[in-house]
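# Fold and geometry: a report
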Amino acid sequence: MRRRDLFRMGGLAALGAATAACGAGGGAERAGRASLQFMYWGSAFEQKAVATMLREFERRKPGVKVSALFTPDEYDVKLNTLVAGNRMPDVGYVPMAMSFRLGEQGKLLNLFPYLTKYPQLAGYLPDAYLWSGQDRLHGVATANEIELLWYSRSAIAEAGAETPPALAASAWTWDRLVENARKLTVDQDGRHPDESGFDPRRIRRFGISCSLTYPPAWYGFLRSNGGDFADEAGRRCLLDSPEAIEVFQNLQDLIYEHRVSPGPGQLAATGDDVPGTSILLKTRRVAMVVDGHWSLLDMNESKVDYGIGVLPVYERPYTTAQVAGASAVFAGTKHVEEAVELFAFHIDPRHVDLYARGLWMPQERRYYEDQAAIDSWTRNDSHPPEFRTAVVDYARDHGVPAFGNRIRDMTVIGSDVLTPALQEIESGKRPAAAILKEAAPKITAMLRGRHHNQGL
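Keep in mind that this is a model prediction, so the values were computed, not measured.

Before going further, it helps to examine the state of the cysteines. The final tally for this structure, using the stated rule, is zero disulfides. Here C210 stays free of any disulfide, with the sulfur of C237 as its closest cysteine sulfur at 18 Å. On the basis of relative accessibility, which here comes to 12%, the residue C210 falls in the buried class. On the basis of relative accessible area, C237 is assigned to the buried category, the value being 2%.

On to empty space enclosed by the protein, then. In this structure the tally under the stated criterion is two cavities of 30 Å³ or more. Looking at the second largest cavity, its volume works out to about 30 Å³. L149, W174, L177, I208, C210, F221, L254, V290 and P312 together form the lining of the second largest cavity. Counted by class, the lining of the second largest cavity contains nine nonpolar, no polar and no charged residues.

Relative to the helices and strands, W174 resides in helix α5 (residues 174–184). For the pair formed by W174 and L311, sequence separation is 137 residues and the distance between their alpha carbons is 9.4 Å. Setting aside residues no more than four positions away along its own chain, W174 makes contact with F221, N250, L251, L254, P312, V313 and Y314.

Formed by 147 residues in total, the largest nonpolar core has its most connected members in F38, F229, L239, F248, L251 and M288. The residues touching L239, leaving out its near neighbours within four places in the chain, are L222, D228, F229, A244, I245, F248, L418, L436 and I443. If you look at the next biggest cluster of nonpolar residues, it comprises five residues, including M96, L130, A141 and A326.

What follows deals with unusual backbone geometry. In this model, Q322 sits at a positive phi of 55°, which is unusual for a non-glycine residue. The backbone of D409 shows a phi angle near 60°, a positive value even though the residue is not glycine.

Reading across the sheet, the five strands line up as β7-β8-β9-β6-β10 and stay open at both edges, with mixed pairing between neighbours. The open sheet has two free edges, formed respectively by β7 (186–187) and β10 (306–309), since each of these has just one partner strand. With three bridges joining them, strand β8 (residues 203–209) and strand β9 (residues 286–292) adopt parallel strand pairing. Bridge assignment links S209 to a residue of β9, and that residue is V289.

Attention now goes to the packing of aromatic side chains. For any pair of aromatic rings, the description consists of the separation of the ring centres together with the inter-plane angle of the planes. Counted by the stated rule, this structure contains 21 aromatic pairs. Between F229 and F403, the aromatic rings sit 4.4 Å apart at their centres with planes inclined by 10°, giving stacked as the arrangement. Taken together, the positions of F229 in the loop between α6 (215–224) and α7 (242–256) and F403 in the loop between β13 (399–401) and α14 (410–427) put the pair 174 residues apart, joining distant regions of the chain. The rings of F38, Y40, W41, F70, Y75, Y93, Y355 and W360 are connected pair by pair, giving a single aromatic cluster.

As for its position among the elements, R236 is in the loop between α6 and α7. The sequence separation of R236 and E426 amounts to 190 residues, and the corresponding C-alpha distance is 24 Å. Setting aside residues no more than four positions away along its own chain, R236 makes contact with F229, A230, D231, T444 and L447.

Conventions adopted
- Residues numbered from 1 in each chain as written.
- Predicted model: local features only at pLDDT ≥ 70, side-chain atom pairs only at ≥ 80, totals over all residues.
- Heavy atoms only, no water.
- Disulfide = S-S within 2.5 Å.
- Buried < 20%, exposed > 50% of the residue type's maximum accessible area, 1.4 Å probe, protein only.
- 1 Å grid on protein atoms, 1.4 Å probe; cavity = no way out; pocket = protein on both sides within 12 Å on 5 of 7 lines; lining within 4 Å.
- Points joined across faces, edges and corners; volume = space filled by probe spheres on them.
- Nonpolar A, V, L, I, M, F, W, Y, C, P; charged D, E, K, R; others polar.
- Helix = DSSP H or I, 4+ residues; strand = E, 2+ residues; numbered from the N terminus.
- Contact = heavy atoms within 4.5 Å.
- Core = buried A, V, L, I, M, F, W, Y, C linked by side-chain atoms within 4.5 Å.
- Pairing = 2+ DSSP bridges.
- Phe/Tyr/Trp six-rings, centres within 6.5 Å; stacked < 30°, edge-to-face > 60°.

Just geometry here; none of it tells us what the structure is for.
Have a look at this one:
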């Protein structure tokens, strides 16, 4: 399962089955040691990195024993079962939508009183904090992931196209993106979409892929064009605005008018399964892909000849940020101080190599502002030369939190109305305007405002 699938509107329902049952407080104590349980999902690489982190935590805290509950499948189902049976772990990952529900139910420890005692907790990026009410901090987003424009360096060179800019101030306009995507798109006979005889049914390489059904991929464009998913109160859907319609029509036109982007199923080997970004670029099936920062790990592991650019811009540069699940301390823990310390420890780049290896981006502000701190996670072979401007500066100055993390009931809204509307736009059967003008009032009827948010 690709990491992007963890963050789709439907939550984690697509993940598969679970681990042994766990209980609040970590079960029986041994020889006077505090016993904690840490529950998480992830790839085999993430499992190894987390295990190393937990061993280091135990080394530094000799009075604490931590059991790792690696749960790669059906995480939300398993966690819901544990919550219902009052057998929660002490610390762990929580699907984002579920975190707000559990926070409002008092199932997650309020971290607000600990911000003074543990200064690290008070130094995160403002959008990392997750609130259930005034002064009720139920967790933070585990990592600060943003959307980027990935590209194949060899495909760019072969086509004589421009290299996507790595600086927000130099970002392409939408028309310039289309122009370069056209150069990069070729059919089996080497013809481009603007040449006579081009065969759209036999495309060897597409110029660009940007998923219409994956909101973080297009939310930056929406904000860049002056639009948004909902109004400030979170009570009225704005997807039927001229700014939103322009963005979605442009995305549809990439497929059906400009013929530079794959439509539904065109990249599938079987069914609707789409290869990951690293595979698309390595095989040069697609030259440019809009996808999350977490792809960096796969790029390096697969030895892809890749580059990173910022997204095209309409009025102002924006990218979707905080595209991640949540981390939290569960309210039933018997060892509150130790659990809070483990919580802070598990997303600290000094103790977890997932940052230096390219899967995660830090949540502490200093890793975007202080040069020595920036170098500590980016100055290595896993991060290309353009990473500083294309990712660090871009995230700090132009990241906006994913709306799915801020709007109430997004899981239901996404599955019932938004995703079907996006799928219809992607199908090309009707213009974006007609679809969005039907969907927006339905979404408005379902909106119940935004989750609480506050500064420290």
